[in-house]
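Working through the structure, step by step
Spelled out from the first residue to the last, the chains are:
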Amino acid sequence: MSVVQVCARCASRWPVAGSPAQWCPRCGGVLLSPVDTARPAPAAGRNFRWVARSPYPPLGRRRPAPRRLGPTPRYTQVPPWGLLDPPPPEPDDRAPRTEVAADLAPTLLACTAIVFALAAVSEAFRYALLVFNRVRLVDPVTLAVSDAAVWATQVSAPLVALAAAVTTVCRLVVTRRDVFAARTLADPRTPRSLALGVLVPVVNLVMPGVYLTEIAGDDRRTRTVVRIWWATWAANGVLVAIGLLWRNQDSLQAQADSVVLAAITAAVGAATAVLTLYVIRCFDGLDLFGRPRRVTRWVNAPQSEKAEEAMAG
């Protein structure tokens, strides 16, 4: 059974749960007596009635006259308020610093190879003067030129090598990002970890080869070049450590041997710079001089009938 009470003011229907209520919860009007919706009472037995009212106003009532509008407002000056419409920002066409530094890596590596090659020549020339000085006196001008060449290369070579190492790290970051993007993956190593693995001594003898091997893929030629570079890079690091320890000896023969060791270390450093440049070119699909790499493929060509007859005869 469903028993409701109807509001006399807003005609809302409220179900009766327990004793009947007196006031409407919505508008505060008086609630009529409960009515059973399943058995509606006849009109004569109800204590309320429905009244229909027209939504239109009665004809005898006059509508209020429209209000006259005043003059249109004007401003003696441009108002300071309003919606700001700034121009759209111009697109920044500048490349990120990492990519700019990465583009400088081949140039700095070439400069590094040249400086280390000059250092190797300077050390070899100094050793030749040492051998020549055993039987004859060396001209002071020649000795001054040799000393100047050695000092100039010893000062400039580490600086150029450091700049090349920084730009090479940027090139490694960009290359790894492009390779993993081509595989629809993200580089699992952060640029900071790559930089630490390449620039921190002792650690950089192992980690750069690991970073390059991860992106070498299945290209046999690239993997071979990476392995050769890795061995040359590790040998260069070992030679640098031996050279630093060898210079602590005070004998004349040890000093002469340190000159030879410095020449060999500089030559290996130049070769390492060239191989580093070649590794970069391999990942770019170019040769050492930056030209498109040509791939040689051997194809079995069928022999002609005349050639077969000649071979048979």
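Here, every reference points to the structure presented above.
This write-up is about the structure you can find in this document.

What counts and what doesn't
- Position numbers for residues start from 1 in each chain and track the written sequence from start to end.
- Restriction of local features to residues with pLDDT of at least 70 applies here, the model being predicted, together with a cutoff of 80 or more for giving and counting side-chain atom pairs; totals for whole chains, interfaces and linings are based on all residues.
- In computing side-chain values, all of the structure's heavy atoms are included and hydrogens and water are not.
- In this description a helix means any DSSP run of H or I spanning at least four residues, a strand means any run of E spanning at least two, and both kinds are numbered starting from the N terminus.
- Partly exposed describes any residue whose relative accessible area lies between the buried limit of under 20% and the exposed limit of over 50%, with all areas from a 1.4 Å probe on protein chains only and scaled to the type maximum.
- Here a residue-residue contact requires only that any non-hydrogen atoms of the pair lie within 4.5 Å.
- Surface accessibility in these figures is a Shrake-Rupley result with a 1.4 Å probe; residues are shielded only by whichever protein chains are displayed.
- Whenever Lys or Arg places a side-chain nitrogen within 4 Å of a carboxyl oxygen from Asp or Glu, that contact is recorded as a salt bridge.
- This arc describes the spread of directions from the helix axis toward the C-beta atoms.
- Stacked, tilted and edge-to-face are the three classes assigned to paired rings of Phe, Tyr and Trp, where Trp is represented by its six-membered ring and a pair needs centres within 6.5 Å; plane angles under 30 degrees give stacked, over 60 edge-to-face, the rest tilted.
- Throughout this description, the term charge over a ring refers to an Arg CZ or Lys NZ atom that lies within 6 Å of the ring centre and within 35 degrees of the ring normal.
- Think of a patch as exposed residues, more than 30% relative accessible area, with no salt bridge, where like charges cluster within 9 Å and nonpolar side chains (Val, Leu, Ile, Met, Phe, Trp, Tyr) cluster within 5 Å.

**Considerations on the overall build of the protein chain**
If you tally the helices and strands in the protein chain, you get 8 helices and 3 strands. Helices (α) and strands (β) of the protein chain occur, in sequence order from the N terminus, as β-β-β-α-α-α-α-α-α-α-α. For the protein chain, the residues scored as buried account for 26% of the 313 residues in total. Counted over contacts in the protein chain with a minimum sequence separation of 6, partners at least 24 positions apart contribute 58%. Summing over all exposed atoms, the protein chain offers an accessible surface of approximately 23500 Å²; the carbon and sulfur share of this is 62%.

**A short note on unusual backbone geometry**
Within the chain, Thr-184 stands out as a residue other than glycine whose phi angle is a positive 55°. Looking at the secondary structure, you find Thr-184 in the loop between helix H3 (140–182) and helix H4 (191–199). Its relative accessible area of 71% is what places Thr-184 among the exposed residues. The phi angle at Val-202 is positive, at roughly 70°, despite the residue not being glycine. Among the secondary structure elements, Val-202 is positioned in the loop between H4 and helix H5 (207–216). By relative accessible area, which is 65% here, Val-202 ends up exposed.

**Points about the pattern of salt bridges**
Counted according to the given criterion, the structure contains 8 salt bridges. Among the ionic pairs, Asp-178 bridges to Arg-177, the shortest N-O distance being 4.0 Å. With relative accessibility at 45%, the residue Asp-178 sits in the partly exposed group. With a relative accessible area of 40%, Arg-177 lands in the partly exposed category.

**Looking at H4**
The α-helix advances 3.6 residues per turn, and as a result positions three or four apart in sequence lie on the same side. Here H4 has its buried residues at Leu-194, Gly-197 and Val-198. Along the long axis of H4, the arc covered by the buried residues comes to 95°, so they all point the same way. Looking at the packing, one finds that the buried side of H4 touches H3 and H5.

**Details of the packing of aromatic side chains**
For the structure shown, the criterion picks out 1 aromatic pair. A centroid spacing of 5.7 Å and a plane angle of 15° characterise the contact between Trp-229 and Trp-233, whose relative ring orientation is stacked. Taken together, the residues Trp-229 and Trp-233, both in helix H6 (residues 220–246) and 4 residues apart, mark about one turn of the helix. Taking the relative accessible area as the measure of exposure, Trp-233 reaches 23% and is therefore partly exposed. Between the NZ or CZ atom of Arg-183 and the centre of the ring of Phe-180, over which it lies, the distance is 5.6 Å.

**Digging into a nonpolar patch on the surface**
Together, Tyr-127, Leu-130, Val-131, Val-260 and Ile-264 give the surface a local cluster of nonpolar side chains, amounting to about 370 Å² of exposed area. Contributions of two or more residues to the nonpolar patch are made by helix H2 (105–132) and helix H7 (252–284). Tallying contributions element by element places H2 first for the nonpolar patch, with 3 residues. Tracing the backbone shows Ile-264 in helix H7.

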